[in-house]
Amino acid sequence: MTVFFVKKIWILAVRVNSLFMICFDIRKCSCLLGLLLVVLHKPVIGQSLQKKVAAAYQQFEQDKDLKYASVSFTVLNAQTGETVFAKNEALGLATASTLKTITSAAAYHILGADYSYQTQLLHTGKISDDGVLLGDIIIRGSGDPSLASNRFETTREALLLGQWTAAIKAAGIKKIEGSIIADDAVFGGQTAAPRWIWQDLGSYYGAGPSGLNWRENLVDIQLRPASRVGETTTLIATKPNISYIKVVNESTTGAAGSGDKVYPYAAPYSSIIYLRGTYGIDMKKNIQAALPDAAYDAALRLQLALEDQGITVNVPATTSKMLSLSGKIKISEGKLLITHNSPALKELVYWFNQKSINLYGESFLKTMAIKQGKNIDTENAAQLLSDFWASRLGIPKGALRILDGSGLSPENRVTTDAMARILASAKKESWFDSYYKSFPTYNGMRMKSGTIGGVLGYTGYHKNALGTELVFSLLVNNYEGTAYNMRQKMFKLLNTLK
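Rules of the game
Residues numbered from 1 in each chain as written. Predicted model: local features only at pLDDT ≥ 70, side-chain atom pairs only at ≥ 80, totals over all residues. Heavy atoms only, no water. Helix = DSSP H or I, 4+ residues; strand = E, 2+ residues; numbered from the N terminus. Buried < 20%, exposed > 50% of the residue type's maximum accessible area, 1.4 Å probe, protein only. Contact = heavy atoms within 4.5 Å. Areas by Shrake-Rupley, 256 points an atom, 1.4 Å probe, with all protein chains shown as cover. Salt bridge = Lys/Arg side-chain N within 4 Å of Asp/Glu carboxyl O. Phe/Tyr/Trp six-rings, centres within 6.5 Å; stacked < 30°, edge-to-face > 60°. Pairing = 2+ DSSP bridges. Axes fitted to C-alpha atoms, helices over the stretch in contact; angles between N-to-C directions. pLDDT = per-residue confidence, 0-100. Parallel < 35°, antiparallel > 145°, perpendicular 65-115°, else oblique. Nonpolar A, V, L, I, M, F, W, Y, C, P; charged D, E, K, R; others polar. Core = buried A, V, L, I, M, F, W, Y, C linked by side-chain atoms within 4.5 Å.

Moving on, we come to the overall build of the protein chain. On a plain count of helices and strands, the protein chain comes out with 13 helices and 24 strands. Seen through its principal axes, the protein chain has C-alpha atoms that stretch 100 × 60 × 40 Å. Residue burial in the protein chain is summarised as follows: out of 498 residues, 51% are buried. Considering only contacts within the protein chain whose residues lie at least 6 apart along the sequence, 69% involve residues at least 24 apart. A total of about 22500 Å² of accessible surface is found on the protein chain, and carbon and sulfur atoms cover 53% of it.

If you want it as structure tokens, here you go:
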């Protein structure tokens, strides 16, 4: 190395604003040169990525299936927050389930990663010397969406019923003069977001939140197709048995390969579920419907479990909502028998985003409102969610028109800029790792998908081949053609981030 070469390096360092001190040790010159080349090359990398994405987007938006569509795409550098690419980023669009990323991030902030729901089992009245409870057994809900879910070892229905039955027996109770009461008052009973559509309410993904959720508020329905297309299917059974609800089967047999297009029609507290639509002639799987009153089903299951153990219950199972509607007095506090703690919020969020369970989002939304001491009405709680992000990140309120916690409402309108900024902000939080892991992997990228009628969306994170960490949000509304074809076209655009 010559003195002349060292002087050249010194001049180059000054031109990049003295990013580091020059070392004149001849042995270190090669390392210094490498660092300078990296610094000088970064803008080139950014420009290259921006041009590549811009070219791919231009081709994407000219697709014939997007002629009448609205499209928005935002890409940010996840480390600096700088915009890599943005088009129509201030356009509010329907989000579908990509909204779950906003709800879950807020839940981490407001409730905490280790937040746990508590469900209490209590009894009122006194226990006589011969083991007769002169009162009621109460299951007091806290809005836990995982109660009796099969997704966690500690929440399974059989396990919970076994623990509750054992606790009742341990208290010396051999007979119950009163009833099993499911206290679902914390959310005001079982509700569904007011902006959800009728076709969705009875389906598994339209199960509304209850103050006492149970088995994710679902029931399995077994159908058998007829031997010929167009003929009515046969209702075989429900699991569990819900003979207290009338299931009217009006579904017909569809062509081979047509799949499950059966929609259960029901609303909270209805006593009838209508099955309408088609069920492929080659189908063998069960369909799932939303339980009209999950809290009642929980009380009934505990009553049946107790009776199996020889503990009789004198008065039929009921709920605090049903008692309130009949003008009965408020349930007394009672004596605690046992408390069930839900898995931590970070574990609940994992399944919320991985399997896109709308019930979890609506429960989180109401729980966050309770934590803030506010009204838990869905639209009010959703407004609190919008206000939270507007206040925290300075996002304009018009960019966050949120009407539920899960994205099922077709009236939600959020900009991709707002969504990307929220995701970018999460990277700075101590809980980011568990939040990131809740995102599914599609097309080799960590991203949450969203799908409702005419709407497809993807939002998430990706580190490209050069090590640049990116945050992105892509929403398409009112496209034509099949969802499958549009999805592949969106993946092709997102591949430019790799």
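Taken as a whole, this structure holds 23 salt bridges when the rule is applied. In this structure, the salt-bridge partner of Glu250 is Arg276, at a minimum N-O distance of 2.9 Å. With a gap of 26 residues between them, Glu250 in the loop between strand E11 (246–249) and strand E12 (252–254) and Arg276 in strand E14 (residues 272–280) connect regions that are remote in the sequence. Assessed through its relative accessible area of 39%, Glu250 is described here as partly exposed. Classification of Arg276 as partly exposed rests on a relative accessible area of 32%. Ionic contacts of the salt-bridge type, sharing partners, join the residues Asp63, Lys64, Asp65 and Lys489 into one network.

What follows deals with helix H11 (residues 416–426). In terms of burial, H11 is a largely internal element, nine of the 11 residues being buried. Those residues of H11 not exposed but buried are Thr416, Ala418, Met419, Ala420, Ile422, Leu423, Ala424, Ser425 and Ala426.

Right, let's get into unusual backbone geometry. For the bond from Lys239 to Pro240, the omega torsion is 0 degrees, close enough to zero to count as cis. Topologically, Pro240 is positioned in the loop between strand E10 (234–239) and E11. In this structure, Glu216 takes a positive phi of about 55 degrees despite not being glycine. Structurally, the position occupied by Glu216 is in the loop between helix H5 (198–201) and strand E9 (218–224). Non-glycine residue Tyr269 carries a positive phi angle of around 70 degrees. Following the sequence through the fold, Tyr269 ends up in the loop between strand E13 (260–265) and E14.

When we look at a pair of aromatic rings, we describe it by the centre distance and by the angle of the planes. Throughout the structure, instances matching the rule amount to 24 aromatic pairs. A ring pair is formed by Tyr108 and Trp431, whose centres lie 4.5 Å apart and whose planes are at 15 degrees; its orientation type is stacked. Here Trp431 lies in the loop between H11 and helix H12 (432–437) and Tyr108 lies in helix H3 (residues 100–110), a separation of 323 residues in the sequence. Using a relative accessible area of 2% as the deciding quantity, one classes Tyr108 as buried.

Residues Ile180 and Ala182 of strand E8 (residues 180–183) are buried on one face, and the alternating residues Ile181 and Asp183, pointing to the opposite face, are buried as well. Bridge count between strand E6 (residues 137–140) and E8: four bridges; the pairing is parallel. Bridge assignment links Ile138 to a residue of E8, and that residue is Ile181.

Quick look at the sheet that holds E9 now. Strand order across the open sheet formed by three strands is E10-E9-E15, with antiparallel pairing between neighbours. If you trace the sheet from one side to the other, it starts and ends with E10 and strand E15 (287–290), each paired once. Averaged over all pairs of adjacent strands, the angle between strand axes in this sheet comes to 35 degrees, irrespective of strand direction.

Another aspect to go through is the side chain of Thr416. Mapped onto the secondary structure, Thr416 falls in helix H11. You can call Thr416 buried: its relative accessible area is 0%. Residue contacts for Thr416: discarding those within four places in its chain leaves Ser72, Phe73, Thr74, Glu89, Ser473, Leu474 and Leu475.

In this section: the confidence of the model for the protein chain. Mean pLDDT over the protein chain: 92, with 91% of residues reaching 70 or higher. A low-confidence stretch, residues 1–42 stays under pLDDT 50, and its non-local contacts, those more than four residues away or across chains, total 27 contacts.

This part takes up the sheet that holds strand E4 (residues 126–127). Pairing is mixed across the open sheet formed by four strands, whose spatial order is E4-E5-E7-E16. One side of each edge strand has no neighbouring strand; the edge strands of this open sheet are E4 and strand E16 (312–313). Note that strand E7 (residues 175–176) and E16 share two bridges and pair parallel. Considered in E16, the bridge of Ile176 is made with Val313.

Now for the environment of Ala78. If you trace the backbone, Ala78 turns up in the loop between strand E1 (70–77) and strand E2 (83–87). Residues Ala78 and Thr468, spaced 390 residues apart in sequence, show a C-alpha to C-alpha distance of 8.1 Å. Those residues in contact with Ala78 that sit more than four places away from it in its chain are Lys427, Glu469, Leu470 and Val471.

Our next topic: the packing of H3 against helix H8 (residues 345–354). Two quantities define a packed helix pair, namely the angle between the helix axes and the distance between the axes. Relative to each other, H3 and H8 sit at 180 degrees, their axes nearing to 11 Å. Taken together, the axes of H3 and H8 are roughly antiparallel relative to one another. Residues Lys100, Thr101, Thr103, Ser104, Ala107 and Tyr108 of H3 touch H8, and the partners they reach there are Leu345, Lys346, Val349, Phe352 and Asn353. Here the residues of the contact of H3 with H8 sort into five nonpolar, four polar and two charged.

This brings us to the environment of Tyr435. Within the secondary structure layout, Tyr435 lies in helix H12. Exposure remark for Tyr435: the relative accessible area of 0% places this residue in the buried category. Each C-alpha atom, one on Tyr435 and one on Ala105, is 7.4 Å from the other, the two residues being 330 residues apart in sequence. Every residue in contact with Tyr435, bar those within four places of it in the chain, is listed here: Thr101, Ser104, Ala105, Tyr108, Leu423, Ala426 and Tyr461.

Membership of the largest hydrophobic core comes to 50 residues, with the highest contact counts inside it found for Ile102, Phe364, Trp389, Leu400 and Tyr435. Taken together, the elements giving at least two residues each to this core come down to H3, H8, helix H9 (358–371), helix H10 (378–393), H11 and H12. Per element, the largest residue contribution to this core is seven residues, and it comes from H11. The contacts of Phe364, once residues within four sequence positions are left out, are Thr103, Tyr117, Pro145, Leu345, Leu348, Val349 and Phe352. Grouped together as the second largest cluster of nonpolar side chains are 43 residues, Ala182, Ala294, Ala295 and Ala299 included.

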